Amino acid sequence: MKATMEHIKRSLRVLGGLAVALGISSVLGSNNARSEALKGFGSAATGGLGGEIVQVRSTEALNHELCRSYSFGQCNDNSPREIQVIGTIDFTGTEGRGEGQGCQYGRTCSAPYKRESLLLMDGNDAHCDGKEKTLVGFDRAGKRPLELGSNKTVIGVGPNATIKGKGLRLNGVSNVVIRNLTISDVNQGVIFAGDAIAIARADLVWIDHNRFHNIGRQMIAGGFGPTTNIAISWNDFDGSDTYSSYCNGEHYWNLLFLGVPQTITIANNYFHEISGRAPHIDGAQTIVHLVNNYFHNTNAQQSGGFFHAVDAGSSVQALIEGNYFDNIETPVKAGSGHIFGFFDNSSGTAQDICLTVLGRRCIENIATPVPRINGFRLDETVIRSFGALPKPSIPLPFRADDVPAVITAGAGPGHLGSR
């Protein structure tokens, strides 16, 4: 407990000491397409600012530049560096095929949709209990992520820069920026065979203007220790997939955060064709701000309330404001932890608390059609938790009415200079 409290205190010291900088652009270097302002956790990240600038076009070059040195299997390359990704770097098939024990995990689907497989993590994994076990094939490259060192910026050049068939892992690092990339096709349809971005024991991370698509497991996964000062902004989480847990073309495995402690801002992102975990967050001492995100599904939801966006564990403190939930059956899962979020109209008493503690009004969310299961609540402990943070670290949302047009126009790669 003492160790985790120290991480929270450190997060607050970082934000407090940089409060002046949080209101201005995070300068990433003159070679970036644009340096843009961001408030919230992670906004103090500078990545490779001031370091060497390299361009990469091949799998070998990318692997080397992300981390040039290791100690006992862990990246220890802390030198500041900006890695510019040019074109599509495709790892698919570069490390051969593998197979391991697993099962057919999801429902049996009719064309055009396909059933997901699950690759067991180890002999103690119980995910396939009660199912017939079988050998599951996978691409070895997708299961072996690229290690990324501290003080690095990874940025795509132009709108089409892509890392295909392999994700990134941030393990025990700090001060990392990942921008303007598409990360795709990491063991599509095979659960536990690779994430797009995996974060463990990391601090000061900014993930901005990226696109994630055709990922077997999570688009972003955090856990195994502190996950602090993380900002996830202006990304396109594209869940459209022929492999689908519920045979509807929508991805279930999107964002998962299980670290202790956690301080995370999720702002201005586009989540579409999803059926769950957008995000799923659990773990003690977790503070998360979901602000001005656009959640959109094309298909009508008819599952009796299962398909959801936000799913928060009992200890989570989540401030949810200015988001637009469009055709999302359950915007906030019932029974989620400490939630403060207005649905449609706001009450005067609750707004008084926002004005007193935050010095501003809290912004209402919109959900259309009216959700059959309404998990929105007005838990005052959330506002008081945010009140302990430096005010400049809390983004001021714009009205939820404007979210669909603004976010679809500006989220994802190729939009660094459009706002």
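Residues numbered from 1 in each chain as written. Predicted model: local features only at pLDDT ≥ 70, side-chain atom pairs only at ≥ 80, totals over all residues. Heavy atoms only, no water.

(A) Region of interest: the overall build of the chain. Counting secondary structure elements, the chain contains seven helices and 31 strands. The buried share of the chain, reckoned over its 419 residues, is 59%. Excluding contacts between residues fewer than 6 apart, the proportion of contacts in the chain whose partners are at least 24 apart in sequence is 74%. With an accessible surface of roughly 15,900 Å², the chain has 51% of that area assigned to carbon and sulfur atoms. (Helix = DSSP H or I, 4+ residues; strand = E, 2+ residues; numbered from the N terminus. Buried < 20%, exposed > 50% of the residue type's maximum accessible area, 1.4 Å probe, protein only. Contact = heavy atoms within 4.5 Å. Areas by Shrake-Rupley, 256 points an atom, 1.4 Å probe, with all protein chains shown as cover.)

(B) Representation of helix 7 (residues 403–410). Looking only at helix 7, the buried set comprises Val-403, Pro-404, Ile-407 and Gly-410. The buried residues of helix 7 all sit within an arc of 165° when viewed along its axis, so they share a single face. Summarising the contacts, the buried residues of helix 7 are in contact with strand 22 (270–272), strand 25 (294–296) and strand 28 (324–326). (Arc of directions from axis to C-beta.)

(C) Looking closely at the confidence of the model for the chain. Per-residue pLDDT for the chain has a mean of 89; in total, 89% of the residues score no lower than 70. Within the model, the stretch residues 1–36 combines pLDDT values under 50 with 77 contacts to residues more than four positions away or in other chains. (pLDDT = per-residue confidence, 0-100.)

(D) Highlighting the sheet that holds strand 6 (residues 97–104). Here four strands make up an open sheet; going across it, the order is 8-6-7-15 and the pairing mixed. Each edge of the open sheet carries a strand with a single partner, namely strand 8 (133–139) and strand 15 (190–191). For strand 7 (residues 117–119) and strand 15, the ladder comprises two bridges, and the chain directions are parallel. In the sheet register, Leu-118 faces strand 15, and the bridge partner there is Ile-191. (Pairing = 2+ DSSP bridges.)

(E) Seen up close, helix 6 (residues 380–387). Of all the positions in helix 6, only Val-382, Ile-383 and Phe-386 are classed as buried. Looking down the long axis of helix 6, one finds its buried residues gathered within 95° of arc, a one-sided arrangement. Lining the buried residues of helix 6 we find strand 24 (286–291), strand 27 (316–321), strand 30 (338–340) and helix 5 (348–358).

(F) Molecular detail of unusual backbone geometry. At the junction of Val-260 and Pro-261, the peptide bond is cis and its omega measures out at -10° in the coordinates. Positionally, Pro-261 belongs in the loop between strand 20 (255–257) and strand 21 (262–267). The residue after Thr-368, namely Pro-369, is reached through a cis peptide bond having omega -5°. The topology assignment puts Pro-369 in the loop between strand 31 (366–368) and helix 6. Phi at Asn-175 is positive, roughly 60°, even though this residue is not glycine. Among the structural elements, Asn-175 can be located in strand 13 (residues 174–179). Unusually for a residue other than glycine, Leu-204 sits at a positive phi of about 60°.

(G) Structural context of the pattern of salt bridges. Summed over the entire model, instances satisfying the criterion amount to 18 salt bridges. Between Asp-77 and Lys-152 there is a salt bridge, with the nearest N and O atoms lying 3.4 Å from each other. With a gap of 75 residues between them, Asp-77 in the loop between strand 3 (74–75) and strand 4 (81–85) and Lys-152 in strand 10 (residues 152–156) connect regions that are remote in the sequence. Taken individually, Asp-77 and Lys-152 each receive the classification buried, so the pair is uniform in this respect. One salt bridge in this structure joins Arg-399 and Asp-401, with 3.1 Å as the shortest N-O distance. In this structure Arg-399 comes out as exposed when scored by relative accessible area, which is 53%. Salt bridges sharing partners connect three or more residues here, namely Glu-52, Glu-65, Arg-68, Asp-77, Arg-81 and Lys-152. (Salt bridge = Lys/Arg side-chain N within 4 Å of Asp/Glu carboxyl O.)

(H) Expanded view of the pairing of strand 17 (residues 211–215). Extensive coverage of strand 17 is indicated by the burial of four of its five residues. Across four bridges, strand 14 (residues 182–186) lies against strand 17 in parallel orientation. Residue Thr-182 lies in a different strand from strand 17, and its bridge partner there is Arg-211. Where strand 17 and strand 19 (residues 236–238) come together, three bridges link them in parallel fashion. Among the inter-strand pairings, Arg-211 is bridged to a residue of strand 19, identified as Asp-236.

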